[in-house]
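This is what each chain is made of:
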Amino acid sequence: ALKDGKKILLEGQLGSLKDPDHGIYPMVTSSSTLAPYGAIGAGIPAASIQDVVTVVKAYSSAVGAGAFVSEIFGDEADELRKRGGDGGEFGATTGRPRRMGWFDAVATRYGVRMQGTTEVALTVVDVLGYLDEIPICVGYEIDGKVTKDFPTTSELEKAKPVFKVLPGWKCDISGCRSWDELPENAKNYILKLEELISHKIHLVSTGAEREEYLLRD
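Calculation notes
Residues numbered from 1 in each chain as written. Predicted model: local features only at pLDDT ≥ 70, side-chain atom pairs only at ≥ 80, totals over all residues. Heavy atoms only, no water. Helix = DSSP H or I, 4+ residues; strand = E, 2+ residues; numbered from the N terminus. Rg over C-alpha atoms; globule rule 2.2 N^0.38 Å. Buried < 20%, exposed > 50% of the residue type's maximum accessible area, 1.4 Å probe, protein only. Contact = heavy atoms within 4.5 Å. Arc of directions from axis to C-beta. Core = buried A, V, L, I, M, F, W, Y, C linked by side-chain atoms within 4.5 Å. Pairing = 2+ DSSP bridges. Axes fitted to C-alpha atoms, helices over the stretch in contact; angles between N-to-C directions. Expected span 1.5 Å × (residues − 1).

### Remarks on the overall build of the protein chain
- When helices and strands are counted, the protein chain shows five helices and eleven strands.
- In summary, the protein chain has a C-alpha radius of gyration of 18 Å against a globular reference of 17 Å for 217 residues, a match within 12%.
- If one aligns the C-alpha atoms of the protein chain with their principal axes, the spans along those axes are about 55 × 45 × 35 Å.
- A burial count over the protein chain gives 41% of its 217 residues as buried.
- Partitioning the intrachain contacts of the protein chain with sequence separation of at least 6 by distance along the chain shows that 65% fall at a separation of at least 24.

Right under this line is the structure:
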């Protein structure tokens, strides 16, 4: 296929923080979750990978134990869990409720860097349309000092979230197919995430259906 000039699409599972070398050890998986490892699994030269599309949720979720700095609890978590994903944030095979949290810019910026990202796709933005205000974790407080760099596991377990709160847009954006159609506060939220993760967001998912997304130049 490479010799014939065809395009090859590799899809990875799990996020950067589940990588056994660069993730939150020991709460990791058994093989690398970083994009370059896809070449090894597929049997193609590493240099063949030209684009890395990193998929990022507009909020956070997790399965199982381990550090989760931006985690939320109680009714706040239940509401986001119920509205999130495609039919709720529950385990695909077990049905177990996922742990929920707000967008973590520290962890995401680290993940984007580790993946060698060329494009970012931001998903489930539409889910947040019910909120009056939307918190974003912009830093970690560790032993009284605030850092914006992702720490080692021992430090991470002591981290407390530092939040910045943005106004919500309070409407359904699932019909939006262009940037100009988005409410101003939705644009501001996306642009703030873009600034915080130090990478342009090229694709914004506005709903659960295949065609519910918009592209940015």
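On we go.
### Comments concerning helix 2 (residues 74-83)
- If you check which residues of helix 2 are buried, you get A77, L80 and R81. Looking straight down helix 2, one finds that the buried residues subtend no more than 100° of arc, so they occupy a single side. Opposite the buried face of helix 2, by more than 90 degrees, sit the exposed residues D75 and K82.
- Each element contacted by the buried residues of helix 2 is listed here: strand 3 (71-72) and strand 4 (99-101).
- Trailing helix 2 by a residue or two, G85 shows a phi angle of about 60°, which is positive.

### Side note on the nonpolar core
- Counting 37 residues, the largest nonpolar core has L80, L128 and Y189 as its most contacted members.
- Breaking this core down by element, the ones donating at least two residues are helix 2, helix 3 (105-115), strand 6 (119-123), strand 7 (133-142), helix 5 (184-197) and strand 10 (201-205).
- Here this core gets six residues from one element, more than from any other, and that element is helix 5.
- Setting aside residues no more than four positions away along its own chain, Y189 makes contact with A58, F103, L128, I134, I136, L166 and W169.
- Counting residues in hydrophobic clusters, the runner-up holds eleven residues, among them V69, Y110, I142 and L156.

### Digging into unusual backbone geometry
- Cis geometry is found at the peptide bond from Y25 to P26, where omega equals 10°.
- Relative to the assigned elements, P26 resides in the segment before helix 1 (36-42).
- Positive phi is not limited to glycine here, since V124 has a value of about 50°.
- The topology assignment puts V124 in the loop between strand 6 and strand 7.
- Residue V124 is classed as buried on the basis of its relative accessible area of 13%.
- Positive phi, normally seen in glycine, also occurs at D143, with a value near 55°.
- Within the secondary structure, D143 sits in the loop between strand 7 and strand 8 (145-147).
- For D143, a relative accessible area of 57% corresponds to the exposed category.

### Regarding the sheet that holds strand 1 (residues 53-57)
- The sheet built from four strands is open, its strands ordered 1-6-10-11 with mixed pairing. Only two strands of the sheet have a single partner each, and these edge strands are strand 1 and strand 11 (213-215). The sheet shows a mean angle of 20° between the axes of neighbouring strands, direction not considered.
- The sheet contact formed by strand 6 and strand 10 spans three bridges and is parallel. By the bridge assignment, V120 is partnered in strand 10 with I201.
- Against the sheet, helix 5 touches strand 6 and strand 10, its axis set at about 135° to strand 10.

### Looking at helix 5
- With 14 residues, helix 5 ought to run about 20 Å at 1.5 Å a step, and its terminal C-alpha atoms sit 20 Å apart, in line with that.
- Within the sequence span of helix 5, burial applies to A186, K187, Y189, I190, K192, L193, E194, L196 and I197.
- Those residues of helix 5 that are buried lie in contact with strand 5 (103-104), helix 3, strand 6, strand 7, strand 9 (160-167) and strand 10.
- S198 lies just past helix 5 and shows a positive phi near 60°.

### Digging into the pairing of strand 1
- Of the two faces of strand 1, only one is covered, namely that formed by T54 and V56; the face formed by V53, V55 and K57 stays uncovered.
- Relative to strand 6, strand 1 is paired through five bridges, and the arrangement is parallel. Bridge pairing links T54 to V120 in strand 6.

Interpretation in functional terms is not warranted from these geometric data alone.
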